[in-house]
Amino acid sequence: VQLQASGGGLVQAGDSLRLSCAASGRTDSNCALAWFRQAPGKEREFVVGISSYGGTPAYAESVQGRFTVSRDNAKTTLYLQMNSLKPEDTAVYSCAGGLYIGRYYLRDGNQYAVWGQGTLVTVSS
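Below is a short write-up of the structure.

How each quantity is defined
- Residues numbered from 1 in each chain as written.
- Predicted model: local features only at pLDDT ≥ 70, side-chain atom pairs only at ≥ 80, totals over all residues.
- Heavy atoms only, no water.
- Core = buried A, V, L, I, M, F, W, Y, C linked by side-chain atoms within 4.5 Å.
- Buried < 20%, exposed > 50% of the residue type's maximum accessible area, 1.4 Å probe, protein only.
- Helix = DSSP H or I, 4+ residues; strand = E, 2+ residues; numbered from the N terminus.
- Disulfide = S-S within 2.5 Å.
- Pairing = 2+ DSSP bridges.
- Axes fitted to C-alpha atoms, helices over the stretch in contact; angles between N-to-C directions.
- Salt bridge = Lys/Arg side-chain N within 4 Å of Asp/Glu carboxyl O.

## Considerations on the nonpolar core
Right, on to step 1. Counting 37 residues, the largest nonpolar core has W35, V47, F67, L80, M82 and Y93 as its most contacted members.
Right, on to step 2. In terms of residues, this core owes the most to one element, strand β4 (residues 31-38), which gives 6 residues.

This is how it looks when you write it as structure tokens:
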């Protein structure tokens, strides 16, 4: 499976943006999907993930209540709706996929075998 992220851009603080992550190739219903981000000079950070086993998504505290993840019915596209954006949300956002990842392990980037190229989100103050 390949992942392709898109939707990044330059916005002002308080604006909204929606990112998409399209999966192609051989997809698997047991695939967990997640968004990570990496700001300049900082380590990669977990944003949100959906477990291989369903259930509610897991969000990072920094985006809880502002970001919403969703998936289309065919489960081939993952969306990230980002509202009330802040300058500290500026980062390259990447989507990742991996098999049989439970909710407890979603935040661990090492669990994911497939990564899409990132899309840059810049939030100006």
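## Some points on the state of the cysteines
Right, on to step 1. This structure, assessed with the given rule, holds 1 disulfide.
Right, on to step 2. With a sulfur-sulfur separation of 2.1 Å, C21 is cross-linked through a disulfide to C95. Between C21 and C95 the sulfur-sulfur dihedral comes to about 75 degrees; the bridge is accordingly right-handed. Placement of the pair is C21 in strand β3 (residues 17-24) and C95 in strand β9 (residues 91-99), with a sequence separation of 74 residues.
Right, on to step 3. Taking relative accessible area as the criterion, C95 reaches 0% and is therefore assigned buried.

## Some details on the sheet that holds strand β8 (residues 77-82)
Right, on to step 1. With respect to topology, 4 strands assemble into an open sheet ordered β1-β3-β8-β7, the strand pairing being antiparallel. The outermost strands of the open sheet, each flanked by one partner alone, are β1 (2-6) and β7 (67-71). Recorded for the sheet is a direction-independent mean angle of 15 degrees between the axes of neighbouring strands.
Right, on to step 2. Summarising the sheet, β1 and β3 pair through 5 bridges and their orientation is antiparallel.

## As for the pattern of salt bridges
Right, on to step 1. If you walk through the whole model with that rule in mind, you get 3 salt bridges.
Right, on to step 2. A salt bridge links R37 to E45, with the nearest nitrogen and oxygen atoms 2.8 Å apart.
Right, on to step 3. Judged by its relative accessible area of 6%, R37 is buried.
Right, on to step 4. Of the charged contacts in the structure, one is a salt bridge between R37 and D89, with a shortest N-O distance of 3.0 Å. In this pair, R37 sits in strand β4 while D89 sits in the loop between β8 and β9, placing the two residues 52 residues apart along the sequence. One exposure class covers both R37 and D89, and it is buried.
Right, on to step 5. Each of R37, E45, R66 and D89 takes part in one network of salt bridges that share partners.

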